[in-house]
Amino acid sequence: MKALIPAAGLGTRFLPATKAQPKEMLLVVDRPAIQYVVEEGLASAADEVVIINSREKKAIEDHFSPNPELVALLRERGKDTYADAVETVGNYNVSYVYQDEAKGLGHAVHCAADKIDGEAFYVLLGDVLVPDNQMLPSMQAVSDAHGGASVIAVMPVAEEEVSRFGVIAGQEIEPGVWKVESLVEKPAREEAPTNLAVFGRYLLSPRVMELLADVEPGVGGEIQLTDALDALLQEEEMYALVVDPSDGFDTGTVESWLETNNILYARAKS
Ligand code: G1P
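Residues numbered from 1 in each chain as written. Predicted model: local features only at pLDDT ≥ 70, side-chain atom pairs only at ≥ 80, totals over all residues. Heavy atoms only, no water.

Colleague: So what's going on with the site of the ligand? Which residues, and what values?
Modeller: In the vicinity of the ligand, the contacting residues are L105, L125, F165, G166, E185, K186, V198, Q224 and T226. Between the ligand and K186 there is a distance of 2.6 Å, counted from an oxygen atom to a side-chain nitrogen or oxygen. For the ligand, an oxygen atom lies 2.6 Å from a polar atom in the backbone of V198. Calculation on the ligand without its partners gives an accessible area of 380 Å², and the protein chains cover 82% of this total. For the shell around the ligand, the residue count by class is four nonpolar, three polar and two charged. (Near = heavy atom within 4 Å. Polar contact = N/O pair within 3.5 Å; in protein donor to acceptor, adjacent residues only side chain to side chain. Areas by Shrake-Rupley, 256 points an atom, 1.4 Å probe, with all protein chains shown as cover. Nonpolar A, V, L, I, M, F, W, Y, C, P; charged D, E, K, R; others polar.)

Colleague: Can you tell me about helix α8 (residues 225-232), naming the residues and giving the values?
Modeller: An α-helix turns once per 3.6 residues; consequently, residues spaced three or four apart project the same way. The complete set of buried residues in α8 reads L225, T226, A228, L229 and L232. The arc that holds the buried residues of α8, viewed along the axis, is 160°, so those residues lie on one side. (Buried < 20%, exposed > 50% of the residue type's maximum accessible area, 1.4 Å probe, protein only. Helix = DSSP H or I, 4+ residues; strand = E, 2+ residues; numbered from the N terminus. Arc of directions from axis to C-beta.)

Colleague: Residues and numbers for empty space enclosed by the protein, please.
Modeller: Gaps left between atoms show up when a probe the size of a water molecule is rolled over them. Scanning the model with the defined rule gives one cavity of 30 Å³ or more in all. The volume enclosed by the largest cavity comes to roughly 60 Å³. In terms of lining, the largest cavity is formed by F14, K23, E24, L26, A33, G126, D127, T251 and W257. Classifying every residue of the lining of the largest cavity by side-chain character gives four nonpolar, two polar and three charged. (1 Å grid on protein atoms, 1.4 Å probe; cavity = no way out; pocket = protein on both sides within 12 Å on 5 of 7 lines; lining within 4 Å. Points joined across faces, edges and corners; volume = space filled by probe spheres on them.)

Colleague: Describe in detail the pattern of salt bridges, supporting the description with residues and values.
Modeller: Scanning the entire structure with this criterion turns up 20 salt bridges. Taking the shortest distance from any N to any O, the salt bridge between K58 and E61 comes out at 4.0 Å. One end of the pair, K58, and the other, E61, are both in helix α2 (residues 58-63), three residues apart, so they sit about a helical turn from each other. For E61, a relative accessible area of 11% gives the class buried. Linking R207 and E210 is a salt bridge whose minimum nitrogen-to-oxygen distance equals 2.6 Å. A residue pair is termed a helical-turn pair when its members lie 3 or 4 positions apart in one helix, as R207 and E210 do in helix α7 (residues 207-212) at three residues. (Salt bridge = Lys/Arg side-chain N within 4 Å of Asp/Glu carboxyl O.)

Colleague: Run through helix α4 (residues 80-90), naming residues and quoting values.
Modeller: Those residues of α4 that fall on the buried side of the exposure criterion are A83, V89 and G90. For α4, the arc enclosing every buried residue in end-on projection is 140°, short of the 170-degree limit, so these residues lie on one face. Here the buried face of α4 lies against α1 (33-43), α2 and α3 (68-76). (Contact = heavy atoms within 4.5 Å.)

Colleague: Would you mind going over the environment of A20 in detail, with residue names and values included?
Modeller: Structurally, the position occupied by A20 is in the loop between β1 (2-6) and β2 (27-28). In sequence terms A20 and K57 are 37 residues apart; their C-alpha atoms lie 8.9 Å from each other.

Colleague: Break down the pairing of strand β12 (residues 238-242) for me, citing the residues and quoting the values.
Modeller: Within β12, four of the five residues are buried, leaving the element largely enclosed by the surrounding structure. In this structure, strand β8 (residues 150-156) lies alongside β12, joined through five bridges in parallel fashion. Residue pairing across strands places V154 opposite V242, the latter belonging to β12. Relative to β12, strand β10 (residues 177-185) is paired through three bridges, and the arrangement is antiparallel. Its bridge partner lying in β12, V177 is registered against L241. (Pairing = 2+ DSSP bridges.)

Colleague: I'd like to hear about the packing of aromatic side chains, residue by residue, with values.
Modeller: Enumeration according to the criterion identifies two aromatic pairs in this entry. Relative to W257, the ring of F14 lies with its centre 6.4 Å away and its plane at 90°, an arrangement referred to as edge-to-face. In this pair, F14 is assigned in the loop between β1 and β2 and W257 in helix α9 (residues 254-269), connecting sequence segments 243 residues apart. F14 sits in the buried class, given a relative accessible area of 7%. The ring centre of Y36 lies 4.3 Å from the NZ or CZ of R31, which sits over that ring. (Phe/Tyr/Trp six-rings, centres within 6.5 Å; stacked < 30°, edge-to-face > 60°. Lys NZ or Arg CZ within 6 Å of the ring centre and 35° of its normal.)

Colleague: Describe the side chain of T260, listing the residues and the values that go with them.
Modeller: Here T260 is to be found in helix α9. Reaching out from T260, the side chain makes a polar contact with the backbone oxygen of D250 at a distance of 3.0 Å. Those residues in contact with T260, other than ones at most four positions away along the chain, are V28, L129, F249, D250 and T251.

Keep in mind these numbers describe shape, not what the thing actually does.
What follows is the structure, given as structure tokens:
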């Protein structure tokens, strides 16, 4: 089972900060945002973490590559804590596939089609952080309870925010678990079926990869993962786990990134 981390986006909302630096490398408290996501993937049941990168974003690969010269220099100077941190992150087992055109999240995920070997797979969006690594195991438990079905994390959002997200329709079958009936990407506020927004953690049936091959461009002219999930519902069941706002943090806008830094910094200090 693989954990896929799409990271080829342009980081438009953070320009000019992301002109020469990937948005995934922006600092959140003490490490780049993507390091949290990779660590979550490594802590999960996945046996491989695959970053779907753009060829322009070498900094991400440099971050997860060994740098023995730097480690040796730090040790020579007695800075073992830093040496250990550099060594650890350089030894993370991460592999890469490339998305050569920015054609949307669904297209990015499909770039890793050859990696998944007909197995279920996780997708972890790089601008959503789950510092305690507990969300994927909780989603796996829901899947196990429902015959291995796909499970997505959803979070209640304010009505005026629904049009920024994918949104589900369905029925709550037990506290905090919904059986999904349909999904819509970035609906207008008055058309959103619920206020449950797709949150950036997915446990997906391998059939999603096949469906992605045929998904037409949707909202924003992009190939949307949400549209493939909606198509999956014609063939398979899907469940949604409602997660708590204190379980995960969006860093997709300058404001939410700042807020996440403040919350996680306060947590680290307490
Ligand atoms: C993506 C997904 C959307 C999801 C969101 C979560 O949108 O397409 O369904 O709700 O991530 O962050 P994006 O933020 O890339 O526009």
